[in-house]
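One-letter residues, chain by chain:
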Amino acid sequence: MTTTPPAEIGMSLEDVDTPALLLDLEAFEQNLDRMATAIADKPVKLRPHSKSHKCAVIGMEQMARGAVGLCCQKVGEAEAMVAGGVHNILVSNQIVGRPKLLRLAALTKQADWIGVCADHPDNVDQLNEAANAMDATLNVLVEIDTGAARCGVAPGQPTIDLAKKIDSATNLDFAGLQAYQGRAQHVRSYAERQQAADAGIALTKDTVEALSAVGLECEIVGGAGTGTFQFETAGGVHNELQAGSYAFMDADYGKNLNADGGFFDDFEHSLFVWVTVMSAPTEDRALVDAGLKALAMDSGPPVVAGMPEIEFGRASDEHGILDISKTNHPVRLGDKLKLIPGHCDPTINMYDWYVGYRGDRVEALWPIVARGMLR
Ligand SMILES: *Cc1c(COP(=O)(O)O)cnc(C)c1O
C-alpha cells in the first residue's frame, strides 16, 4: 500500500505536510552532474547503487547522465528498476533460495543485462539451475573480500576456482569481479580511507591478473562507494563505480574528511526530512513529529539544516527530542524544520514519496517504488 503524497505539485514548501522526505532538486541535480563530470574522462563508468534511492525516476536521471546501469541489493529492487525503465542491472549481492532465483532469472526476459554476485560453489549451482529452468543466461560476478569482512571469497586461488565453475556452467556467463570495500567508506581520515581502499584495489588487481593468466577476462570490475570513489577511479583496475549516497549526502558522509583536512564536500546535502514542532514544553526542549519510524538513527541523529547548534537528542517511535538551549533562533509550536538524515538509505526506505522542490515550490512527486523490497 502506498500512502497519499504529503504534497501537491505547485504548492509552497511551507504547506507540505510532515513528516515528509524532501529533495532539493537543484542540489540533487548538481550532485549527479558533479559525479558525471568527475569521471567523464576517466576509464571508469558509473553504475549507481539504487539501494540508496529505491526510485526508478532517479535511476533514469542517472542513466541520462551516462550511467551504464544500476546496482540493486535485492531481486525486488531489480524488478522495480526494470519496470521503471532501467534495463541493465547488477544485483551486487548474493541471492539464495529458489523462489528468488527464479524471479531473478525471469528478469532476463525483460531486461538487456542482468548480473548477480556469488561467493560459494553451491550458490553457483543454484543460479545455474534457476537460469536453466527459465531458459535464461545469467551474468555472474565473483564477489571477493577485499577487507570489508562482509560477503566474498578470498582473492587469489579461491576466486579462480569459483570463476572457473561459473565459466563452465551451462546457463551462466562469468562477468568479472565484485570488489567493494564497504568498511573503507566512512573512515574519517582521508589518508586512512585511501589506505584501506588502496589495499583492496591492490588485491583486486592481483586477482584480475591471476584470472587473466588462466584465460578468464573480467568484463566488469565493480566496487567503490561515495567515500572512496576517487581512489578506485585512480586505481586502474575497477571499471565500474557503485556509489549511491552521493546523490543525497547524508550527515554521516558529511563527517568524512578531505585531503586538506576540511569536511568532505564534493557533494551537497540534497535530502531532508521535513518535520513539525509538535510540542515546546520548556525553554530548552522542543519535540518534532519524526522519531524512529521516520528517521534512521544507526549512523547517528539527524542535523537540523541551517541550525547545527540545535541538537537532535533522543528519538522514540514518533517523537524526536531537540535540545534548543544553545540556539538564539526561536523554536515555536508549529514551526517546520529540515533535518539532514544521519543515514540516507534506511531513512528513504521509510517513505513512499520524494517531494522534489526548487526554491520554495514543490516541483515533483516521485514514488519510492522499491521501498520495503526486502526480498
Ligand atoms: C551500499 C553499497 C554501495 C554504495 O555505497 P554509498 O556509500 O551509498 O555510496 C556500493 N556498492 C555496494 C555493494 C554497496 O552495498
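As a reminder, the structure under discussion sits directly above these lines.
Worth saying up front: this structure is predicted, and the values here are computed from it rather than measured.

Cut-offs and rules
- Residues numbered from 1 in each chain as written.
- Predicted model: local features only at pLDDT ≥ 70, side-chain atom pairs only at ≥ 80, totals over all residues.
- Heavy atoms only, no water.
- Helix = DSSP H or I, 4+ residues; strand = E, 2+ residues; numbered from the N terminus.
- Buried < 20%, exposed > 50% of the residue type's maximum accessible area, 1.4 Å probe, protein only.
- Lys, Arg positive; Asp, Glu negative; His and termini not counted.
- Salt bridge = Lys/Arg side-chain N within 4 Å of Asp/Glu carboxyl O.
- Contact = heavy atoms within 4.5 Å.
- Near = heavy atom within 4 Å.
- Polar contact = N/O pair within 3.5 Å; in protein donor to acceptor, adjacent residues only side chain to side chain.
- Areas by Shrake-Rupley, 256 points an atom, 1.4 Å probe, with all protein chains shown as cover.
- Nonpolar A, V, L, I, M, F, W, Y, C, P; charged D, E, K, R; others polar.
- Pairing = 2+ DSSP bridges.

Peer 1: Whenever I open this one, the side chain of E232 confuses me. Can you help?
Peer 2: Along the chain, E232 turns up in helix α9 (residues 229-235). Buried and unpaired, E232 has no salt bridge, with R193 as the nearest side chain of opposite charge at 8.9 Å. Every residue in contact with E232, bar those within four places of it in the chain, is listed here: V44, A197, I201, A224, H238 and L241.

Peer 1: Help me understand the site of the ligand in this model?
Peer 2: For the ligand, the set of nearby residues contains 16 residues, the closest of which are K51, T226, G244, S245 and Y253. In this structure, Q242 approaches the ligand through a side-chain N or O atom, which is 3.1 Å from a nitrogen atom. One of the side-chain N or O atoms of S245 is found 2.5 Å from an oxygen atom in the ligand. In the complex, the protein chains occlude 95% of the 380 Å² of accessible area that the ligand would expose alone. Taken together, the residues of the shell around the ligand sort by class into 4 nonpolar, 10 polar and 2 charged.

Peer 1: Help me understand the side chain of R193, please; the structure alone is not making it clear to me.
Peer 2: In this fold, R193 is placed in helix α8 (residues 190-213). Despite its burial, R193 pairs with no opposite charge; the closest candidate is D266, at 7.5 Å N-O. Apart from residues lying up to four places away in sequence, R193 is in contact with A184, Q185, V187, R188, G227, T228, F231, N256 and L257.

Peer 1: Is there a simple way to think about the pairing of strand β17 (residues 361-367) in this case?
Peer 2: Every other side chain in a regular strand lies on the same face of the sheet, so the side chains alternate between the two faces. Strand direction decides the pairing type here: strand β16 (residues 353-358) and β17, joined by 6 bridges, are antiparallel. Each residue of the ladder has a partner; that of W353, found in β17, is P367. Counting the residues in the hairpin turn of β16 and β17 gives 2 residues, including G359, whose phi is positive at 60 degrees.

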